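Observations on chain architecture
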Amino acid sequence: MNSPFELFGLTLNAGIAVSFLPALLAICTLTILMHRTSLVLALLSLIFAYYFNIVGIFGVVGVSCLFLMCFGFNYFKQVAVRWMLGFGIFIFVILFFIHAFPGVNNPLVIDSYSVSENAVPFSKHLNFDKLMVAIALMALVVPRGKSPKNAKAKQVFTVSTLVILLGLAGGVLSGLVEWDPKLSPILIGWVITNLFITCYAEEAFFRGFLQSQMQKLVQHHQFGQSITVAFSGLLFGIVHLPGGIAYTAIASLLGLGCAYGYQKTNNVLVPIYIHFVFNLIHFCFFTYPFLA
């Protein structure tokens, strides 16, 4: 049953497919605000992942605690309780993001693949831990604003376009990447994993959770909105420090663009798609992931 097969450029087996499909469907249902359905699908995914040894008992407990903390954070109104739960969410999310929480075995689905001839080999895990973060935050914590009005939409589009162009130009000028247009055989698999796992999880955390809470803290400050955008964007860049100074600077710029989009719209889908468009252009038209 668990013989490997390739789908959309990803090396899977039946256990991986069955475990991840409900969670990916949960993300899709959250996009159209079907929160209860997404939670049922997430539970189903967790059960399958445990059965197929993608998560162990500690992983199950960790994911369950994250969902319970997110529920409590949204349900309880006492400031002290929310601070404790918020701190717990922060710690758990960081552990899941760096894959340090015990009992989670994220399957390797792309192994040392050459996306660009002159690039370092690209490998990809299907990060079950990160996917659960996206669902927990999107379903239970992250507020969803209405569609932006035309004036705000134009501002966000202009700023995000400028950020994307400057970020890609910075990548070329710093020697991280060079012009390399291509149609990779793993494009569809990359899109699924990058959009529904990477972008949803990171933007739900940095914008939907951290930026929203920061905004509440400084909402009465004269420069509260600017402080919040700077905090959210620069923090996103700082976590990319292991990639080097140039990589951190580009990530900070992208983070600022995403934070601005979220501040203007209060809709987490906006920074998710800004983030994804940047990554997609990088993947399709420049060296990926970066020059060897």
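One can find the structure itself at the top, above this paragraph.
In this text, all values refer to a predicted model and were calculated from it rather than measured experimentally.

**Considerations on the pattern of salt bridges**
- With the rule as written, the count across this model stands at three salt bridges.
- E202 is paired through a salt bridge with K130; the nearest N and O atoms lie 2.8 Å apart. Linking E202 in helix α7 (residues 187-217) with K130 in helix α5 (residues 128-140), this pair joins segments that are 72 residues apart in sequence.
- K182 serves as the salt-bridge partner of D180, at 3.6 Å between the closest nitrogen and oxygen.

**With respect to the packing of aromatic side chains**
- With the rule as written, the count across this model stands at 21 aromatic pairs.
- Plain terms: the ring middles of F20 and F128 are 5.6 Å apart, the flat faces sit at 90° to each other, and that makes the pair edge-to-face. Here F20, found in helix α1 (residues 14-31), pairs with F128, found in helix α5; they are 108 residues apart in sequence, far enough to count as distant. For the residue pair F20 and F128, the accessibility class agrees, reading buried in each case.
- Judged by centre distance (4.9 Å) and plane angle (90°), the rings of Y51 and F52 are edge-to-face.
- Taking relative accessible area as the criterion, Y51 reaches 61% and is therefore assigned exposed.
- For F52, a relative accessible area of 16% gives the class buried.
- Aromatic ring contacts, followed pair by pair, group F73, F90, F97, F205, F206, F209 and F236 into a single cluster.
- Across from the ring centre of F73, 4.2 Å away, lies the NZ or CZ of R82, which sits over that ring.

**Some points on the nonpolar core**
- Judged by nonpolar contacts, the single largest core of 83 residues is most densely connected at L66, I89, I135, L137 and Y200.
- The dominant element in this core, judged by the number of residues it contributes, is α7, at 13 residues.
- When residues no more than four places from it in sequence are discounted, the contact partners of I89 are L66, M69, C70, F73, L137 and F209.

**A short note on the packing of helix α2 (residues 35-51) against α5**
- Relative orientation of the contacting elements α2 and α5 amounts to 160°, with a least axis distance of 10 Å. When the interaxial angle is binned, α2 and α5 end up roughly antiparallel. In the crossing of α2 with α5, the sense of the turn from one axis to the other is left-handed. Only F128, M132, I135, M138, A139 and L140 of α5 make contact with α2, whose side of the interface consists of H35, S38, L39, A42, S45, L46 and A49.
- Of the residues assigned to the contact of α2 with α5, the class counts are 10 nonpolar, three polar and no charged.

**Here we look at unusual backbone geometry**
- Put simply, Y288 and P289 share a cis peptide bond, and its omega is -5°.
- Looking at the element boundaries, P289 is found in the segment after α10 (269-285).
- Positioned with a positive phi, N53 is a non-glycine residue whose angle comes to about 65°.
- Relative to the helices and strands, N53 is located in the loop between α2 and α3 (57-75).

Each value, and the rule that gives it
Residues numbered from 1 in each chain as written. Predicted model: local features only at pLDDT ≥ 70, side-chain atom pairs only at ≥ 80, totals over all residues. Heavy atoms only, no water. Salt bridge = Lys/Arg side-chain N within 4 Å of Asp/Glu carboxyl O. Helix = DSSP H or I, 4+ residues; strand = E, 2+ residues; numbered from the N terminus. Phe/Tyr/Trp six-rings, centres within 6.5 Å; stacked < 30°, edge-to-face > 60°. Buried < 20%, exposed > 50% of the residue type's maximum accessible area, 1.4 Å probe, protein only. Lys NZ or Arg CZ within 6 Å of the ring centre and 35° of its normal. Core = buried A, V, L, I, M, F, W, Y, C linked by side-chain atoms within 4.5 Å. Contact = heavy atoms within 4.5 Å. Axes fitted to C-alpha atoms, helices over the stretch in contact; angles between N-to-C directions. Parallel < 35°, antiparallel > 145°, perpendicular 65-115°, else oblique. Left-handed = near helix turned anticlockwise from the far one by under 90°. Nonpolar A, V, L, I, M, F, W, Y, C, P; charged D, E, K, R; others polar.

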